[in-house]
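Spelled out from the first residue to the last, the chains are:
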Amino acid sequence: MKLFLISGTCGAGKSTMKDELAARLDPDRYACVDADETGLNWWDYAGTDREDQYGPDTLAEAFRVTNGKNLIFITCMAPQDYITKAVVPKELTATFFIALWARDEVIDRRLRARPKERGFTTDEAIRPHIEYNQWIGRNRGKYQLFIDTEHQTPEETAERIAAFIARVTI
C-alpha cells in the first residue's frame, strides 16, 4: 500500500483534486479520501490539548476505510506532522508528498470568494492560511511533487498528479 498525501492551504485546490482524481484513478486500486470526509471535526480539536492530533487522527480514519488500497489523502497536514505524529499501518510501503500552491494573492481571492458561512470574511481569518501557504512555498523541496495551481485548470492539475501516481505505483 502506498500513501499520496496531497497537502496545501485552504484555497489551494485540494477538495477539487479529490473529485478529479477519484474520476481518473482505478477505484479498485486507489481510495481518495478528504480529511473533511472522515467524520472528524477540526473544531472538536481546536483550542484543546490534542489540537495537533487532528491530522494524525484523520489519517488513521482514512487508512481504516481504504481496505488496503493505495490511499490518496487530501489534507492540510505538513510533511513534518506526518513524519513525527502519524502512526501508519505496517502494510504501508511508501509515502509521497504532493503540494498544491498558488501565490498569496490568489489564495486570498479564492478564500474571500467562498460563501460567508465558511468564515473567510476577515484578514484575521485568512492570515494563518496565507502564512501556511508561504511556508509551503519556502519548503517546496520537501514535496516529491509541487504544483502551482494558479496557471492550470483543475483537470490539468489532476492529470499531472495522476501521471505521477502511475509512475510510482507500477
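Please refer to the structure higher up on the page.
Residues numbered from 1 in each chain as written. Predicted model: local features only at pLDDT ≥ 70, side-chain atom pairs only at ≥ 80, totals over all residues. Heavy atoms only, no water.

Overview of the sheet that holds strand S4 (residues 94-101)
Note the cut-off: When DSSP locates at least two bridges between a pair of strands, those strands are taken to pair. Only DSSP runs of H or I reaching four residues or more are called helices, and only runs of E reaching two or more are called strands; each is numbered from the N terminus. Only the stretch in contact is used when a helix axis is fitted, and all axes are lines through C-alpha atoms; the angle between N-to-C directions ranges over 0 to 180 degrees. Contact definition: two residues touch when any of their heavy atoms are within 4.5 Å.
Strand order in the open sheet made by the five strands is S2-S3-S1-S4-S5, with parallel pairing throughout. Only two strands of the sheet have a single partner each, and these edge strands are strand S2 (30-34) and strand S5 (145-148). When strand polarity is set aside, the average angle formed by the axes of neighbouring strands in this sheet is 15°. Summarising the sheet, strand S1 (residues 2-7) and strand S3 (residues 70-75) pair through five bridges and their orientation is parallel. If you follow Leu5 over to S3, its bridge partner there is Phe73. Against the sheet, helix H2 (residues 54-66) contacts S1, S2 and S3, and its axis sits at roughly 150° relative to S3.

A short note on the nonpolar core
Convention followed: Here, nonpolar core refers to any group of buried Ala, Val, Leu, Ile, Met, Phe, Trp, Tyr and Cys residues whose side-chain atoms link them within 4.5 Å. For the exposure calls, accessible area comes from a 1.4 Å probe over protein chains only, and a residue counts as buried if that area is under 20% of its type's maximum, exposed if over 50%, partly exposed in between.
Residues Ile6, Leu21, Leu25, Ile72 and Ile161 are the most contacted members of the largest nonpolar core, which totals 28 residues. Examining the composition of this core, we find that five residues originate from one element, helix H6 (residues 154-168), more than from any other. In contact with Leu21, not counting residues within four places along its chain, are Ile6, Cys32, Ile72, Ala158, Ile161 and Ala162. Met1, Leu5, Ala62 and Tyr143 belong to the second-largest nonpolar core, a separate cluster that totals 25 residues.

A look at the packing of aromatic side chains
We apply this condition: Two rings from Phe, Tyr or Trp (for Trp, the six-membered ring) form a pair when their centres are within 6.5 Å of each other. A pair whose planes differ by under 30 degrees is stacked, one over 60 is edge-to-face, and the rest are tilted. Consider the ring centre and the ring normal. A charge sits over the ring if Lys NZ or Arg CZ is within 6 Å of that centre and within 35 degrees of that normal.
Within this structure, the stated rule accounts for nine aromatic pairs. Judged by centre distance (6.5 Å) and plane angle (85°), the ring pair of Phe4 and Phe164 falls under edge-to-face. Here Phe4, found in strand S1, pairs with Phe164, found in helix H6; they are 160 residues apart in sequence, far enough to count as distant. For Phe164, a relative accessible area of 7% translates into the label buried. Relative to Trp135, the ring of Tyr132 lies with its centre 6.2 Å away and its plane at 20°, an arrangement referred to as stacked. Here Trp135 and Tyr132 lie together in helix H5 (residues 123-138), a separation of three residues that amounts to about one turn. Here Tyr132 and Trp135 have matching classes, each one buried. Aromatic ring contacts, followed pair by pair, group Trp42, Trp43, Tyr45 and Tyr54 into a single cluster. Against the face of Tyr45 rests Arg50, its NZ or CZ located 4.2 Å from the ring centre. If you follow Arg140 out to its NZ or CZ, it ends over the ring of Trp101, 5.3 Å from the centre.

With respect to the pairing of S1
Among the six residues that make up S1, five are buried, leaving the element largely enclosed by the rest of the structure. Here six bridges tie S1 to S4, and the two strands are oriented parallel to one another. From the neighbouring strand, Leu3 faces S4, where its bridge partner is Thr95.

Remarks on helix H1 (residues 14-24)
Among the residues making up H1, those that are buried are Lys14, Met17, Lys18, Glu20 and Leu21. Of the surrounding elements, those touching the buried residues of H1 are S1, S2, S3, S4 and H6.

What about the pattern of salt bridges?
Inclusion rule: Any carboxyl oxygen of Asp or Glu within 4 Å of a side-chain nitrogen of Lys or Arg constitutes a salt bridge here.
For the structure shown, the criterion picks out 11 salt bridges. Among the salt bridges present, the one from Arg64 reaches Glu61, with a minimum N-O distance of 2.7 Å. With Arg64 and Glu61 both in helix H2 and three residues apart, the pair spans about one turn of that helix. The residue Arg103 makes a salt bridge to Glu150 at a minimum N-O spacing of 2.7 Å. Here Arg103 is found in the loop between S4 and helix H4 (104-112), whereas its partner Glu150 is found in the loop between S5 and H6, with 47 residues between them in sequence.

As for the packing of H1 against H6
To keep things clear, this is the line we draw: Roughly parallel here means an angle under 35 degrees, roughly antiparallel means over 145, roughly perpendicular means 65 to 115, and every remaining angle is called oblique. Each crossing gets its handedness from the near helix: less than a right angle anticlockwise from the far helix is left-handed, clockwise is right-handed. Three residue categories are used. Nonpolar comprises Ala, Val, Leu, Ile, Met, Phe, Trp, Tyr, Cys and Pro, charged comprises Asp, Glu, Lys and Arg, and polar comprises the others, including Gly.
It is at 9 Å that the axes of H1 and H6 come closest, and there the two elements cross at 60°. Considered as vectors, H1 and H6 are oriented oblique to each other. Crossing geometry of H1 relative to H6 is assigned as right-handed. Listed contacts from H6 to Thr16, Met17, Glu20, Leu21 and Arg24 of H1 are Pro154, Glu155, Thr157, Ala158, Glu159, Ile161 and Ala162. Class assignment for the residues of the contact of H1 with H6 results in six nonpolar, two polar and four charged.

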